[in-house]
Amino acid sequence: EREAARREQDWAAADTLPCTQSTVFLAKRHQLVVATSQGDRNWSFQEGRTFKVGQGVAGRVAQTGKPRLVTQAANDPAFSPGWSEPEADPESLVVVPILLDGRVYGVISVEHNRTHAFDEQDQRLLETLASQVSQAVRNARLFETRQRLETQLQSLHQVVQEQSLDRVLERI
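Strand order in the open sheet formed by six strands is S3-S2-S1-S6-S5-S4, and the pairing between neighbours is antiparallel. Of all strands in the sheet, those with a lone pairing partner are strand S3 (50–52) and strand S4 (68–70), marking the two edges. Pairwise comparison of adjacent strand axes, ignoring direction, gives a mean angle of 25 degrees for this sheet. Here strand S5 (residues 92–100) runs beside strand S6 (residues 103–112); their pairing, made up of nine bridges, is antiparallel. Looking at S6, one finds that Leu100 is bridged to Arg103.

Applying the stated rule across the entire model yields one salt bridge. As a salt-bridge pair, Asp76 and Arg68 come within 2.7 Å of each other at their nearest N and O atoms. Residue Asp76 is classed as buried on the basis of its relative accessible area of 15%.

What follows is about unusual backbone geometry. For Arg29, which is not a glycine, the phi torsion comes out positive at approximately 55 degrees. Unusually for a residue other than glycine, His116 sits at a positive phi of about 55 degrees. Here His116 lies in the loop between S6 and helix H3 (120–171).

With that out of the way, let us pick up the nonpolar core. If you look at soluble globular proteins, the nonpolar side chains tend to sit buried side by side. Counting residues in each nonpolar core, the largest one holds 17 residues, and the members touching the most others are Val94, Val96, Ile98, Ile108, Val110, Phe118 and Leu126. Taken together, the elements giving at least two residues each to this core come down to strand S1 (21–28), S5, S6 and H3. Examining the composition of this core, we find that five residues originate from one element, H3, more than from any other. Ignoring any residue separated from it by four or fewer positions in sequence, one finds Val96 in contact with Val61, Pro67, Gly106, Val107, Ile108, Gln123, Leu126, Glu127 and Ala130.

What follows is about the pairing of strand S2 (residues 31–39). Summarising the sheet, S1 and S2 pair through eight bridges and their orientation is antiparallel. What sits directly across from Lys28, in S2, is Gln31. Following S1, the chain reverses through two residues before pairing antiparallel with S2; Arg29 in that reversal takes a positive phi of roughly 55 degrees. Pairing analysis gives three bridges linking S2 to S3, with the strands arranged antiparallel. When the bridges of S3 are listed, Val33 appears paired with Thr50.

Reading the values: the criteria
- Residues numbered from 1 in each chain as written.
- Predicted model: local features only at pLDDT ≥ 70, side-chain atom pairs only at ≥ 80, totals over all residues.
- Heavy atoms only, no water.
- Pairing = 2+ DSSP bridges.
- Helix = DSSP H or I, 4+ residues; strand = E, 2+ residues; numbered from the N terminus.
- Axes fitted to C-alpha atoms, helices over the stretch in contact; angles between N-to-C directions.
- Salt bridge = Lys/Arg side-chain N within 4 Å of Asp/Glu carboxyl O.
- Buried < 20%, exposed > 50% of the residue type's maximum accessible area, 1.4 Å probe, protein only.
- Core = buried A, V, L, I, M, F, W, Y, C linked by side-chain atoms within 4.5 Å.
- Contact = heavy atoms within 4.5 Å.

Encoded structure:
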């Protein structure tokens, strides 16, 4: 289920903005892990591939928790060529954090092979998508917690019933 949800997030990013590549990363300790990827450079963003937090634009977004709009990748100090093959590096990017309870849960990155392919409106749109992803993760966690608590409550209820039955039998 989670894998399908991650793919849906990536497809939503690709469908939201015209791009040549979209990737959803999950933040795990001091790394970004590719959760899902779609586009021209899928071979560079294989599921499970890791990058250091702070490395490249996505790594910087994970480190700061602040979105980045890069209209000319070659001129951006955070841009780190070589995440993909050099001849396939993007020309422009929008990268936004997925924030959950004030912490970076992941990052959504959309890229294009053309400079100035994105603007502030695109960034706001992607931030809205990231906010929706965050809410979906929060809801899934609440649902899992509720299921676990219900199971524990049922077990406790069964133990209480068994103990009550033992007491009745002792009196007989």
